[in-house]
Amino acid sequence: MASKNKRLLWLQSGGCGGCTLSLLNTEAPSLFTALADIGIELIWHPSFAEQSLDEAMHLLQRLADGSEPLDMLCLEGSVMTGAAGRFHLLPDGQSMSTLIEQLARRASQVIAVGTCAAYGGISAAGDNLTGAVGLDYAGNHPGGLLGGHFHTASGLPVVNISGCPTHPGWVLETLALLASDSLSAADLDPLGRPRFYADKLVHHGCDKNEFYEFKASATAPGQMGCLMEHVGCKGTQAHADCNSRSWNGEGSCLTGGYPCINCTAPDFADPGHGFFSTPQVAGFPVGLPTDMPKAWFVALSTLSKSATPTRVRQNAVLDRLTVPPSLPKKGKA
Ligand code: SF4
Ligand code: SF4
């Protein structure tokens, strides 16, 4: 029996639109084919809509007052609550934050797409003059626009697909699960992120793992060595599957030579230091793997450094593999 398509409304507020740009990198099938295949009707998106402004405003009003049903609401970008919401006004003078709240309370499923919509993200960094918050979080703390601990009528909290930007696969997989009513609160981690990607670490599958094991470190972005010790990599603490689910069919921040800045975490935008630097105490990085006692890390690190093969040490500070692994000596397997 054919099931009814779910009606999805996509809104953008305080953000850069990068999550939509990332989503457009969906390939084989394309984004719109994929949405149709998983049973979603995209009723409006500010970048893709064919409706006129009047038609769009009329639609938003009908959805907000309940005269048209709304299954899924995706918000991209933070909610700017400063100055009583006047940093983002609709053409009719209503604040966007008011509309978002009305729609969230109508929708059966509410999805924050990107770290800004989930927690405030880059938009809330620094002095945060616009009062940017996430839908149900302000940074690490429940709160945000909806007050914290929000649930839809169907009992689901806000689904936080955090990431800056989000991987198109994270968004489509989440939407597919929601469209088939196969995502429950138990499938979200304590920060509301879908566990299928948030229960993994960026460090898993990084092609710099041999360098990490021997603590053979890069000293600048673009070098082959591990970027944790000197270049700010937080891949051992970052909850995401970026090195096992490639981006654009190619790789990740790490394969591009950049450190992971933990963009799926609520407060990633305010690290208290430059993104490309690693704060250290007594020569050891401050941010260590979350589930490893510091004393073990220090002991293992010291041991590893004393056993680093020359090949690994030399390649670590070069921008391409220069010293190849040696062949077994003749007569040995
Ligand atoms: S560069 Fe980062 S993600 Fe890669 S091995 Fe080092 S710590 Fe792990
Ligand atoms: S590797 Fe880290 S910074 Fe890059 S997208 Fe993944 S979680 Fe974000």
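A quick note: this is a predicted structure, and the numbers were derived from the prediction, not measured.

Rules used throughout
- Residues numbered from 1 in each chain as written.
- Chains lettered and ligands numbered in written order.
- Predicted model: local features only at pLDDT ≥ 70, side-chain atom pairs only at ≥ 80, totals over all residues.
- Heavy atoms only, no water.
- 1 Å grid on protein atoms, 1.4 Å probe; cavity = no way out; pocket = protein on both sides within 12 Å on 5 of 7 lines; lining within 4 Å.
- Points joined across faces, edges and corners; volume = space filled by probe spheres on them.
- Nonpolar A, V, L, I, M, F, W, Y, C, P; charged D, E, K, R; others polar.
- Near = heavy atom within 4 Å.
- Sits in = over half its atoms within 2 Å of the grid points.
- Phe/Tyr/Trp six-rings, centres within 6.5 Å; stacked < 30°, edge-to-face > 60°.
- Helix = DSSP H or I, 4+ residues; strand = E, 2+ residues; numbered from the N terminus.
- Buried < 20%, exposed > 50% of the residue type's maximum accessible area, 1.4 Å probe, protein only.
- Lys NZ or Arg CZ within 6 Å of the ring centre and 35° of its normal.
- Pairing = 2+ DSSP bridges.
- Axes fitted to C-alpha atoms, helices over the stretch in contact; angles between N-to-C directions.
- Contact = heavy atoms within 4.5 Å.
- Core = buried A, V, L, I, M, F, W, Y, C linked by side-chain atoms within 4.5 Å.
- Salt bridge = Lys/Arg side-chain N within 4 Å of Asp/Glu carboxyl O.

K.L.:
Hey, could you go over the layout of surface pockets for me, with residue numbers and the actual values?
P.N.:
Considering only enclosed or pocket space, the largest pocket measures out at about 280 Å³ in volume. Forming the boundary of the largest pocket are 18 residues, of which Cys164, Cys242, Trp247, Cys253 and Cys263 lie nearest the centre. Looking at the lining of the largest pocket residue by residue, the classes come out as 14 nonpolar, 4 polar and no charged. What the second largest pocket holds in volume is close to 200 Å³. Its residues assigned to classes, the lining of the second largest pocket shows 9 nonpolar, 5 polar and 2 charged.

K.L.:
Break down the site of ligand 1 for me, with residues and values.
P.N.:
Surveying the vicinity of ligand 1 reveals the residues His203, Cys206, Lys208, Asn209, Tyr212, Cys226, Leu227, Met228, Cys233, Gly235, Thr236 and Leu254. With respect to the pocket detection grid, ligand 1 is positioned in the largest cavity. For the shell around ligand 1, the residue count by class is 7 nonpolar, 4 polar and 1 charged.

K.L.:
Give me the lowdown on empty space enclosed by the protein, citing residues and values where you can.
P.N.:
Counting across every chain of the model gives 3 cavities of 30 Å³ or more. For the largest cavity, the calculated volume is near 100 Å³. Contributing to the lining of the largest cavity are 13 residues, with His203, Cys206, Cys226, Cys233 and Leu254 lying nearest its centre. Looking at side-chain class alone, the lining of the largest cavity contains 8 nonpolar, 4 polar and 1 charged residues.

K.L.:
Outline the packing of aromatic side chains, listing residues and values.
P.N.:
Counted according to the given criterion, the structure contains 7 aromatic pairs. A ring pair is formed by Trp170 and Tyr197, whose centres lie 4.1 Å apart and whose planes are at 5°; its orientation type is stacked. Of this pair, Trp170 sits in helix 7 (residues 168–179) while Tyr197 sits in helix 8 (residues 195–198), and the two are 27 residues apart along the sequence. Given a relative accessible area of 0%, Trp170 falls into the buried group. Plain terms: the ring middles of Phe268 and Phe275 are 6.5 Å apart, the flat faces sit at 25° to each other, and that makes the pair stacked. A residue is classified by how much of its surface remains accessible, and Phe268, at 6% relative accessible area, is buried. Members of the aromatic cluster, connected to one another through ring pairs, are Trp170, Phe196, Tyr197 and Trp247. Sitting over the ring of Tyr212, Lys215 keeps its end group 3.6 Å from the ring centre.

K.L.:
Describe in detail the sheet that holds strand 9 (residues 159–161), supporting the description with residues and values.
P.N.:
In spatial order, the strands read 2-1-3-5-9; together these 5 strands make up an open sheet with parallel pairing. Looking at the sheet topology across the chains shown, the edges are occupied by strand 2 (40–44) and strand 9. For this sheet, the mean inter-axis angle between neighbouring strands, taken without regard to orientation, is 25°. The sheet contact formed by strand 3 (residues 72–76) and strand 5 (residues 109–113) spans 5 bridges and is parallel. The residue bridging Leu75 from the neighbouring strand is Ala112, located in strand 5. Set on the sheet, helix 3 (residues 53–65) makes contact with strand 1 (6–12) and strand 2; between it and strand 2 the angle comes to about 120°.

K.L.:
So what's going on with the nonpolar core? Residues and values would help.
P.N.:
In this structure, Met72, Ile111, Trp170 and Leu175 are the most contacted members of the largest nonpolar core, which totals 47 residues. It is helix 7 that contributes the most residues to this core, 6 residues altogether. If near-sequence neighbours (up to four positions away) are discounted, Leu175 is found in contact with Leu8, Leu35, Ile38, Ile40, Met72, Cys74 and Ile111.

K.L.:
Lay out the pattern of salt bridges with the relevant residues and their values.
P.N.:
Per the stated rule, a full pass over the model turns up 11 salt bridges. The partner of Arg62 in a salt bridge is Glu68, and the shortest N-O contact between them spans 2.5 Å. The buried category is assigned to Glu68, whose relative accessible area is 16%. Each of Arg7, Arg62 and Glu68 takes part in salt bridges that share partners, so that together they form one network.

K.L.:
Account for the pairing of strand 1, with residues named and values stated.
P.N.:
Look at any regular strand and the pattern is simple: side chains alternate between the two faces of the sheet. For strand 1, a buried count of 6 out of 7 residues is recorded, marking the element as mostly surrounded by other parts of the structure. Taken together, the 4 bridges between strand 1 and strand 2 define a ladder with parallel strand orientation. Note that in strand 2 the partner of Leu8 across the bridge is Leu42. Pairing analysis gives 5 bridges linking strand 1 to strand 3, with the strands arranged parallel. Of the residues in strand 3, the one forming a bridge with Leu8 is Met72.

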